[in-house]
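# Structural overview for review
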Amino acid sequence: MSLFHDPVSVPALNLKAQYQSIRDEIEPVVRGILESQMFVLGPEVTRLEAEVANYCGAASGIGCASGSDALLLPLLAIDIGPGDEVITTPYTFFATAGSIWRTGAKPVFVDIEPDTFNIDPVRIEAAITPRTKAIIPVHLFGQVAEMGPIQEIARRHGLTVLEDAAQAIGSAYHGTRAGTLGDVAAFSFYPSKNLGGFGDGGMVTTNHPQLARRITRLRVHGMEPKYHHHEVGFNSRLDAFQAAVLRVKLRHLDAWTSLRRDVADRYRNLFASHGLEEMVGLPIERQGNFHVYNQFVIRVPAFLRDSLRDYLTARKIGSEIYYPIPLHLQVCFASLGYKPGDFPHSEAAARETIALPIYPELTDAEQRYVVGSIRQFIDEFAYPSRKSDRAA
Ligand SMILES: *Cc1c(COP(=O)(O)O)cnc(C)c1O
C-alpha cells in the first residue's frame, strides 16, 4: 500500500498548469495586442523572429502560419518541385513528407536507427539518385538526428539539409542548437510543442540571407514590395497574438527544458527501482546530444502495447502512440510503391512504442503513479503467474 493517495488522473499533456504559472505575464501582452489592433505580422512578430533566431544562433527567423508551412516554404524557396526527390524518415509526423508531396516532389524514405528513432545516416547514401535535391532529418521527440554524417553526405552530393525541428527547439548537437545544423530549419509553435502558442504558428531559421529573403516573400504571396509579385507564393503569416505569447514563453523555455529533463531522469530512476528496465525500453540520449524531451517514448513488446495503453487509460493516465502507421504505409502515398517490410525499424517502432505524460509541471507523485501502474500491468498481463508471488 502506498502511503500517499494516487493522483486522480495524469493527462498526457497539461497546458493549464503552465498557463497558471505565467498568466500574470501573458494577460498584459495580450491586452497590448488588443489595444494595438495590429493582428497580422507587425512589430511583435518581427521581435519574435529576432529572438528565436538569436536563441537558435541563426542569422534570420521568418515567422509563418504553422510548422507544416515552415517545412513547405524552404522547399519552395530552393525550387523543389515535380521531378525532384527529397529524402526523409517514414517515422515522423505526417507534415514532414506531406510538405515534400505538396511541392510536387517525391518523398523518398530511409529507415530509422532503432535506439533514437531518427533517420539512419548510414542508409541515406543508398537512397540518393540524380534527382535527389534535399534531405529532411527530423529531430524526433526532442533529440537531434545524427547531423555530422548527414551534413557530410549532403556536402558530398550537393544536397540541401532542411531540419524538421518542430519537436526540438533548444535541443543541441555537440553544443550547436537545432536551427543551424543544416541549411535551413522548421519549427512549430503548435500548443503541444515545447514552445507552444495559443493556436497555430511556425518559424523558419537560416543563416543564408538569400534564402531568408525568398521565404519572407513566399509567405506573403511572393510580394515585395507591396503589390509587386515576383512569384506566386501563398498566405502563411504569423499573427501578433501568437508572437506576443511566444515571446513571453521563450523567456521560460530553458527553465522548462531543464524541468523536462528532470522528469526524464525521474522516469529512468522509477523504471529502474520498479525492476522494469528489461521489460521496457527507455529513451536514450546519445553522447553529444542535448535532448529536450518533447516526448518520453518507451518501447514494450508489440503484443502488450495496446493493452498497456488501455490499462493506463482505465487508470486515467494519458498516453499517445507516435506514430501508429509509418508514412510509407499511408494510403495517400500508395503510389510511391512501398510495402510492409520495407522499413522494419520504423514498422517495429510503430507497433512497440507508447508516449508517457511529460511536461515541466509533472510531479513526482504523478510519475510514481504512472510507473507503478505500468509495473502492475506487467504483473497482471505479462506474468500472470507472478501476481501471487508479488502479493505474498
Ligand atoms: C508538429 C510537427 C510538424 C508540423 O507542425 P504544425 O505546426 O502542426 O503544422 C512537423 N513535423 C513534426 C515532426 C512535428 O512534430
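### Details of the nonpolar core
Formed by 38 residues in total, the largest nonpolar core has its most connected members in L48, V52, I87, I124 and I150. With five residues, the single largest contributor to this core is helix 2 (residues 43–56). For I150, the residues in contact, after removing those within four places along its chain, are I119, P121, I124, I135, P137, A145 and V161. Formed by 31 residues, the second largest nonpolar core is a distinct cluster that contains V263, I298, L304 and Y311.

### Concerning the sheet that holds strand 8 (residues 184–188)
Strands sit in the order 1-9-8-5-4-2-3 across an open sheet of seven strands; the sheet is mixed. Among the strands making up the open sheet, the edge pair consists of strand 1 (60–64) and strand 3 (106–109). This sheet shows a mean twist of 25° between the axes of neighbouring strands, independent of strand direction. Sitting on the sheet, helix 3 (residues 67–77) touches strand 1, strand 4 (132–136), strand 5 (160–164), strand 8 and strand 9 (202–206), and the angle it makes with strand 8 is about 160°.

### Some points on the site of the ligand
Around the ligand lies a shell of 16 residues, among which S68, D164, Q167, S188 and K193 are the nearest. Between the ligand and the protein, one listed contact pairs an oxygen atom with a side-chain N or O atom of K193 at 3.0 Å. Here the ligand has 380 Å² of accessible area as a free molecule, and 93% of this is covered by the chains. At the level of elements, helix 3 and helix 4 (95–102) are the ones that each hand at least two residues to the shell around the ligand. The biggest single contributor to the shell around the ligand is helix 3, with three residues. Of the residues in the shell around the ligand, the class split is six nonpolar, eight polar and two charged.

### Considering the pattern of salt bridges
One side chain can pair with another of opposite charge once the charged atoms of both are near each other. The full count for this structure, using the stated rule, is 28 salt bridges. The shortest N-O distance in the salt bridge between D115 and R286 comes to 3.1 Å. Of the two residues, D115 sits in the loop between strand 3 and helix 5 (121–124) while R286 sits in the loop between helix 9 (253–273) and strand 10 (289–290), which places them 171 residues apart along the sequence. Residue D115 is classed as partly exposed on the basis of its relative accessible area of 35%. Notably, a salt bridge pairs R177 with D254, separated by 3.5 Å at the nearest N-O pair. Separated by 77 residues along the polypeptide, R177 in strand 7 (residues 176–177) and D254 in helix 9 bring together distant segments of the chain. Among the residues examined, D254 registers a relative accessible area of 42% and is labelled partly exposed. A cluster of three or more residues bridged by salt bridges with shared partners is formed by E44, R47, E51 and R247.

### Details of the domain arrangement of the protein chain
Partitioning the protein chain into domains gives domain 1 (17–250) and domain 2 (253–391). For domain 1 versus domain 2, the distance between C-alpha centres works out to 27 Å. Counting residues at the interface gives 48 residues for domain 1 and 37 residues for domain 2. Interface area, domain 1 with domain 2, both sides summed: about 3800 Å², of which 58% is carbon and sulfur. Taken as a group, Y91, F141 and N194 account for 19% of the area that domain 1 buries against domain 2, more than any other trio of residues on that side. Our count for the domain 1 to domain 2 interface comes out at four salt bridges.

### Some details on the side chain of E146
Position of E146 among the secondary structure elements: in the loop between strand 4 and helix 6 (147–157). Filtering out sequence-adjacent residues up to four positions away, E146 remains in contact with E113, P121, Y173 and R286.

### Quick word on the sheet that holds strand 10
Hydrogen bonds along the backbone pair up the strands of a sheet, which may run parallel or antiparallel. With respect to topology, three strands assemble into an open sheet ordered 7-6-10, the strand pairing being antiparallel. Where the open sheet ends on each side, the last strands, each with one partner, are strand 7 and strand 10. Bridge count for strand 6 (residues 172–173) against strand 10 is two bridges, and the pairing is antiparallel. When the sheet's bridge partners are listed, A172 is paired in strand 10 with F290.

### Some points on the packing of helix 2 against helix 8 (residues 240–250)
Taken N-terminus to C-terminus, the directions of helix 2 and helix 8 make an angle of 35°; their axes are 8 Å apart at the nearest point. The chirality of how helix 2 crosses helix 8 is left-handed. Of helix 8, the residues touching helix 2 (which contributes E44, V45, R47, L48, E51, V52 and Y55) are A240, A243, A244, L246, R247 and L250. Along the lines of polarity and charge, the residues of the contact of helix 2 with helix 8 split into nine nonpolar, no polar and four charged.

### Here's the deal with the side chain of E231
Take E231: it is sitting in the loop between helix 7 (209–218) and helix 8. Overall, E231 belongs to the buried group, its relative accessible area being 18%. Residues in contact with E231, not counting those within four places in the same chain, are R214, R217, L218, H221 and G222.

### Regarding the packing of aromatic side chains
The final tally for this structure, using the stated rule, is 18 aromatic pairs. An angle of 75° between the planes, with centres 5.6 Å apart, marks the rings of F117 and F141 as edge-to-face. In this pair, F117 is assigned in the loop between strand 3 and helix 5 and F141 in the loop between strand 4 and helix 6, connecting sequence segments 24 residues apart. In terms of burial, F117 and F141 fall into one category: buried. Taken together through their ring pairs, the aromatic side chains of F94, W101, F109, F333, Y338 and F343 make up a single cluster. The side chain of R177 reaches across the aromatic face of Y55, ending 3.9 Å from its centre.

Definitions and cut-offs
Each chain has its residues counted from 1, running along the sequence as written. The model is predicted, so local features are restricted to residues of pLDDT at least 70 and side-chain atom pairs to those at 80 or more, both for listing and for counting; the totals for chains, interfaces and linings are taken over all residues. Water and hydrogen atoms play no part in the side-chain values, which are based on all heavy atoms of the structure. Buried residues of nine kinds, namely Ala, Val, Leu, Ile, Met, Phe, Trp, Tyr and Cys, make up a nonpolar core once their side-chain atoms join them within 4.5 Å. Burial classes follow relative accessibility: with a 1.4 Å probe on protein chains only, a residue under 20% of its type's maximum area counts as buried, one over 50% as exposed, and anything between as partly exposed. By definition, any uninterrupted DSSP run of H or I lasting at least four residues is a helix, any uninterrupted run of E lasting at least two residues is a strand, and each is numbered from the N terminus. Only heavy atoms enter the contact rule, under which two residues are in contact if any of them lie within 4.5 Å. Two strands are said to pair when DSSP picks up at least two bridges between them. Here an angle of 0 to 180 degrees is reported between the N-to-C directions of two axes, which are lines fitted to C-alpha atoms, with helices fitted over the stretch in contact. For this description, a residue counts as near a given molecule or strand if any of its non-hydrogen atoms is within 4 Å of it. Definition of a polar contact: a pair of N or O atoms within 3.5 Å, with one able to donate and the other able to accept a hydrogen when the atoms are protein atoms, and with sequence-neighbouring residues admitted only if both atoms are side-chain atoms. Using a 1.4 Å probe, accessible areas were evaluated by the Shrake-Rupley method; residue-level cover was limited to the displayed protein chains. Classification used: nonpolar for Ala, Val, Leu, Ile, Met, Phe, Trp, Tyr, Cys and Pro, charged for Asp, Glu, Lys and Arg, polar for all others including Gly. Within this document, salt bridges are pairs made up of a side-chain nitrogen of Lys or Arg and a carboxyl oxygen of Asp or Glu, the two lying within 4 Å of each other. The split of the chain into domains comes from an automatic or database domain assignment. Put simply, buried area is the surface a 1.4 Å probe can reach on two separate parts but cannot reach once they are joined, added for both. Note: crossing handedness is left-handed where the near helix turns anticlockwise from the far helix by less than a right angle, and right-handed where it turns clockwise. Whether two aromatic rings pair depends on their centres lying within 6.5 Å, for rings of Phe, Tyr and Trp, where Trp uses its six-membered ring; planes under 30 degrees apart make the pair stacked, over 60 edge-to-face, and the rest tilted. Counted as over-ring charges are cases with an Arg CZ or a Lys NZ within 6 Å of the ring centre that also lie within 35 degrees of the ring normal.

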